[in-house]
Protein chains: 2
Amino acid sequence: MNDSYLNFVNSPFGARLARSLGLPKPEVLRRYRADQPEFGGLVALGAGREPHLLDALATLVASIGVTSVAHASAGLWVPLANRHGLMTGRFEPADPGSQGKLAALLFDASGIEDSTQLEPLHGFFHDTLRSLGKCGRIIVLGRPPESCATPRQWTAQRALEGFTRSLGKEARRGITANLVYVEQGAENRVEATLRFFLSPRSAYVSGQAVRIAAASSATSDDATPAFDWRQPLAGRRAVVTGAARGIGASIASVLAAEGAHVIGIDIPTARDALDATMRQLNGTALAFDIAAPEAPAQIAAALDEQGVDIVVHNAGITKDKTIAKMTDAAWQSVIDINLSAQERIDDALLAAGILRDGGRIIGVSSISGIAGNLGQTNYATSKAGVIGRVQSMAPHLRARGITINAVAPGFIETQMTAKIPLAIREAGRRMNSMSQGGQPVDVAQTIAWLAHPGSAGVSGQIVRVCGQSLIGA
Amino acid sequence: MNDSYLNFVNSPFGARLARSLGLPKPEVLRRYRADQPEFGGLVALGAGREPHLLDALATLVASIGVTSVAHASAGLWVPLANRHGLMTGRFEPADPGSQGKLAALLFDASGIEDSTQLEPLHGFFHDTLRSLGKCGRIIVLGRPPESCATPRQWTAQRALEGFTRSLGKEARRGITANLVYVEQGAENRVEATLRFFLSPRSAYVSGQAVRIAAASSATSDDATPAFDWRQPLAGRRAVVTGAARGIGASIASVLAAEGAHVIGIDIPTARDALDATMRQLNGTALAFDIAAPEAPAQIAAALDEQGVDIVVHNAGITKDKTIAKMTDAAWQSVIDINLSAQERIDDALLAAGILRDGGRIIGVSSISGIAGNLGQTNYATSKAGVIGRVQSMAPHLRARGITINAVAPGFIETQMTAKIPLAIREAGRRMNSMSQGGQPVDVAQTIAWLAHPGSAGVSGQIVRVCGQSLIGA
């Protein structure tokens, strides 16, 4: 739970020592605090040819109340910003220091249709990256490659992934770099996602590519209920499994802070901790063993009267052994609790209509589920299955306006990781672009974004919460 | 080009020292040699419920002439093998040593339709993994998740990825583990792919998931021309760019050994090396700068008369710098040579019908293109673009029976990597399941498999040649 190296090198003496020895100095990440402004500072805008998303960006900039400057590549921004009544200026590469450090770099690449048009990406970040302050934010916006009209356009848009991921690895200093692919017609669905990636809430989310889909003809986008950005989950009911402690308790706490009524589920042996956690949040505690055959019906019965809007499948276990030493029971229990139980519970809630239209299902996968891991054949199988669950269910749920996504945590500082031997723990902590482990709240905030009523365009996706871990597949 | 640590720890003295100090001892990988049998030893078969691919596996086992043993999970294998006239026996977990070391483990998971049915994976590999010899092979076979009939089946099939990747990380000792997803109706298209993954040709390919698609109604599968497994590319003409030296020369050499007539292209300044390489292979040397505007037309003209069957876009450059220090010229030249030039050349060859129906296009991407890399915004952008090129063109080319794929090399021992500073080079070499860098021939053999007439079902895919590098996204 405690990264003593991070604390040490950020003390006055430790910082001097690290500097003189050439040791890495991970940045103390800025995280969201309710008593501090979420957004602020100067945002620089860049663009490729014929950008399609500047209007959406102007709406965002007006909504979060930041000041913008336009890079030479985004000449269109100044008149547009003026029309939106925004204060704006020009970014001067010759004298970048004069404007102070930038808080964020936004690049609209949506109009790039050919690999020969990629140059403005270089121009913009070449000029601006050094002016981006600590814990700054980089967002590249494009069009989903698979929905592009021509192979040339698809190719150029797909190239943005390699660019954004490289930038995340270069930037360091707690800076995140993410890519948001906005489908044509989804321009009015981007704000919740862009707010998340600009906010300190996404402190440990970097190197990700996220897609925002347009409303399907079957659903009406206007059906998105009105919400308050300060309490977006007000009036919503959220189930969180494994909510007694650790990451689950953090998820429950963040969802409650966003206004949700949380129904925490955990095993009967964790009842006291669950009760204590739920009491603090004015939530509801339900002690069930989710792996029990009768659990889906029991959970459905308990939720039936008022229904539920958000289901977070956080409960999970590990029983690590190499496969030659892994018992059948260790295999089966991990698969059952981490994967099959979620399938049974979702099916029960969906069949009975207890999960309401416009609802949210959020699974918890893992970097191990993406890349595999030594000694975790059972766990990685279950967590890869969660990815399959998300990808297979998303199209089925679309007509009801229900989204399904998963987070895939990397190295998160918990009681579980505190038990890992020091050398392996240190490797896990440092092998990412933040040079540190994440906190449970980083996972929780990512889930809150996926649960947001404004995230209707985000479905079928796996978002890593890993500080851009080197590890992948 | 020379991994002195690998050589040292595999010397008698070095092996003793490594053992006493607890140092890692990477295995000397067994690679394909024309003067040694490609296949041999005992293959163990396992299966989940209602396996659909045992017939295809029996054809393979008969074709490559190995002996099989059936694990208890694959009871159906014994009568089936007998019907095919194969020698077979039963794997006895109580006394695995009695049968000698196994050369390969094959598991047919194609009938698994629900996460509750995954247990036989554990049972089979639990019993057999320790009996698998050095440089052994693991292949798990399943159905492509996205073509499954139900979300439950999709989920269970997707879970196989986490399993196979974990197994690859556990197995060590030069063992590879790969997953082959066989679409329904593609059972007759699996042999070239399964041969590759069983062969020493795939020494450095592990942790990959490959899909084999059925013939589309537009193409007739019977159109696959007859070929000889010993000279599968006989009568085919293959263009290789950047063929003068390094990986390109190795690609040219392997394709020629498989029977192809190779047309090597390289820049005019490399003409002497190109001529020398092509002379050895009885190939044709063409000195062109592929980035020149007139190159596509010139290459098309040079190939027009006889046409071409295989195009390998191997030519590529790096110009590494952090983006703030990267010149516009360094950005542009890398994008142009590594990506845009390929687009122009393919378009010219396709438009004029010079690339014949049933042809093969093979690009070279990179782990950097998948995961991004520090100091390589230009290179990673170009290599991510190659992925987009493959994914976007595959559906367009399907009706003509042309496949397009890419390899993504990890750390390959070349003159380029020999210049990397020692500490970084050592990290790159060891951070994969083989604990060593790959050889140019490993990339070349993977390309030869994709170029194979029997690989008609493999298109739109990116295959890493990285020894299952830890690095990914």
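The coordinates are above.
Just so we're clear, the structure is a prediction, and the values are computed from it rather than from any experiment. Each chain carries its own residue numbering, running from 1 in the written order of its sequence. Chain letters and ligand numbers both follow the written order, the letters beginning at A and the numbers at 1. Reporting in this predicted model follows two pLDDT cut-offs: at least 70 for local features of residues, and 80 or more for side-chain atom pairs to be given and counted; totals over whole chains, interfaces and linings ignore these cut-offs and use all residues. Side-chain calculation: all heavy atoms of the structure are included, whereas hydrogens and water are not.

1. Concerning the packing of aromatic side chains
Side-chain rings of Phe, Tyr and Trp (the six-membered ring for Trp) are treated as a pair once their centres are within 6.5 Å; stacked means planes under 30 degrees apart, edge-to-face means over 60, and tilted covers the remaining angles. As enumerated under the stated definition, the model contains 20 aromatic pairs over all chains in all. When the ring of Phe 107 of chain B is compared with that of Phe 125 of chain B, the centres are 6.0 Å apart and the planes differ by 40 degrees; the resulting orientation is tilted. In this pair, Phe 107 of chain B sits in strand β4 (residues 102-108) while Phe 125 of chain B sits in helix α5 (residues 119-128), placing the two residues 18 residues apart along the sequence. Here Phe 107 of chain B and Phe 125 of chain B have matching classes, each one buried. Taking 5.5 Å as the distance between ring centres and 55 degrees as the angle between the ring planes, the aromatic pair formed by Phe 125 of chain B and Phe 163 of chain B counts as tilted. Linking Phe 125 of chain B in helix α5 with Phe 163 of chain B in helix α6 (residues 151-171), this pair joins segments that are 38 residues apart in sequence. Grouping residues by exposure puts Phe 125 of chain B and Phe 163 of chain B together as buried. Each member of the aromatic cluster is reached from another via a ring pair, and the members are Phe 107, Phe 124, Phe 125 and Phe 163 of chain A together with Trp 331 of chain B. Each helix is a run of H or I in the DSSP string that is no shorter than four residues. Each strand is a run of E no shorter than two, and both are numbered from the N terminus. Exposure is judged per residue with a 1.4 Å probe applied to protein chains only, and the accessible area is read against the type maximum: over 50% gives exposed, under 20% gives buried, and values in between give partly exposed.

2. Quick look at the relation of the copies chain B and chain A
A least-squares superposition brings the copies together, and it is based on the C-alpha atoms of residues with pLDDT no lower than 70 in both. When chain B is fitted to chain A, the residual RMSD is 0.0 Å, and the transformation amounts to a turn of 180 degrees plus an axial shift of 0.0 Å. Taken together, the rotation angle and the small translation identify this as a two-fold axis. Nearest to the rotation axis, the C-alpha of Gly 472 of chain B is located 1.8 Å from it, this being the minimum over chain B. Mapped onto chain A, 100% of the interface residues of chain B are again interface residues, and the two copies thus contact each other with one and the same surface. A contact between two residues is defined here by any heavy atoms of the two lying within 4.5 Å.

3. A few points about helix α7 (residues 191-198) of chain A
Residue and element names in this part refer to chain A. Counting buried positions along α7 yields 8 of 8 residues, so the element is predominantly enclosed. Within α7, burial applies to Glu 191, Ala 192, Thr 193, Leu 194, Arg 195, Phe 196, Phe 197 and Leu 198. Looking at the buried positions of α7, the neighbouring elements they touch are α3 (54-64), β4 (102-108), β5 (132-142), β6 (176-182), β7 (209-212) and α16 (440-451).

4. Looking at the sheet that holds strand β11 (residues 308-313) of chain B
Residues and elements named next belong to chain B. With parallel pairing, 7 strands are arranged side by side in an open sheet as β10-β9-β8-β11-β12-β13-β14. The outermost strands of the open sheet, each flanked by one partner alone, are β10 (284-287) and β14 (462-465). In this sheet, adjacent strand axes meet at a mean angle of 20 degrees when their direction is disregarded. Note: strand β9 (residues 261-266) against β10, 4 bridges, orientation parallel. Directly across from Gly 264, in β10, lies its bridge partner Ala 285. Axes, fitted as lines to C-alpha atoms, cover a helix only where it is in contact. Angles between the N-to-C directions of the axes lie from 0 to 180 degrees. Running at roughly 175 degrees to β11, helix α11 (residues 328-351) makes contact with β11 and β12 (355-364) of the sheet. Packed onto the sheet, helix α13 (residues 377-397) meets β12, β13 (403-409) and β14 and runs at close to 160 degrees relative to β13. Two strands qualify as a pair provided that DSSP identifies no fewer than 2 bridges between them.

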